[in-house]
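Survey of secondary and tertiary structure
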Amino acid sequence: MENERKVEAILWSIAFPGFGQLLNKKYVKGFIFVTLEFAVNVQARLNAAIIPSFYGQGQTANDTVNYQWIMFYPCLYLFSMYDAYRDAPGQRMRYAAIPFAISAYFGTVGVIYSHHVKIVGFLLGVIWSPILFHLTGFFIGLGIRLIVLTIMKPQS
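As the structure is a prediction and not an experimental result, all values here were calculated from the model. (Residues numbered from 1 in each chain as written. Predicted model: local features only at pLDDT ≥ 70, side-chain atom pairs only at ≥ 80, totals over all residues. Heavy atoms only, no water.)

1. Some points on a nonpolar patch on the surface
Among the surface-exposed residues, Phe54, Trp128, Ile131, Leu135, Phe139 and Leu142 lie close enough to one another that they form a single nonpolar patch of about 600 Å² accessible area. With five residues, helix α9 (residues 125-151) is the largest single contributor of residues to the nonpolar patch. Here tryptophan 128 shows up in helix α9. Tryptophan 128 sits in the partly exposed class, given a relative accessible area of 32%. (Patch = residues over 30% accessible without salt bridge, like charges linked within 9 Å, V, L, I, M, F, W, Y side chains within 5 Å. Areas by Shrake-Rupley, 256 points an atom, 1.4 Å probe, with all protein chains shown as cover. Salt bridge = Lys/Arg side-chain N within 4 Å of Asp/Glu carboxyl O. Helix = DSSP H or I, 4+ residues; strand = E, 2+ residues; numbered from the N terminus. Buried < 20%, exposed > 50% of the residue type's maximum accessible area, 1.4 Å probe, protein only.)

2. Some thoughts on the confidence of the model for the chain
Per-residue confidence for the chain averages 94 on the pLDDT scale, and 98% of its residues sit at or above 70. The lowest-confidence element of the chain is helix α1 (residues 2-15), averaging 89 in pLDDT; the highest-confidence one is helix α3 (residues 27-44), averaging 97. (pLDDT = per-residue confidence, 0-100.)

3. What to know about α9
Its 27 residues give α9 an end-to-end C-alpha distance of 38 Å, which sits within 8% of 39 Å, the value for a rise of 1.5 Å per residue. Those residues of α9 hidden inside the fold are in contact with α4 (46-54), α5 (58-64), α6 (67-70), α7 (73-87), α8 (97-112) and β2 (122-123). (Expected span 1.5 Å × (residues − 1). Contact = heavy atoms within 4.5 Å.)

4. A look at unusual backbone geometry
Positive phi, close to 65 degrees, is recorded for lysine 25, a residue that is not glycine. Take lysine 25: it is sitting in the loop between α2 (19-23) and α3. One non-glycine residue with positive phi stands out, namely arginine 45, at about 60 degrees. Within the secondary structure, arginine 45 is located in the loop between α3 and α4.

Listed below in structure tokens is the structure:
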């Protein structure tokens, strides 16, 4: 049951950074994450880029955002998820931060390369490219975590 709370905290953080913290009754952190989400979202014009992205208009989405601000978003988003996961009740996983940190890095790289990543001739743009990179980074991070766990076996 407690591990369900960890999943619930991550899912609420995916929906909106800061909601996982509010669920965990970490109200100050939740307020800070929600405020940061609003600030970065508005300054980056992220919501205005989402609509053309869903219509397959990657270039329009790229032209809409402010790259000086959107570069912050992957790290904010993934750290909010990790923080909510870490604070939720349930069994602690060793080195749980690794997949989240690697995913945040890959998401930022996805923003950087959003002008170039195409699938079947369609430019993914600043919304879909980081998402694809996030997922790739998370799975690579899980692999790295597995390697670290193998190397750093607890001594009995």
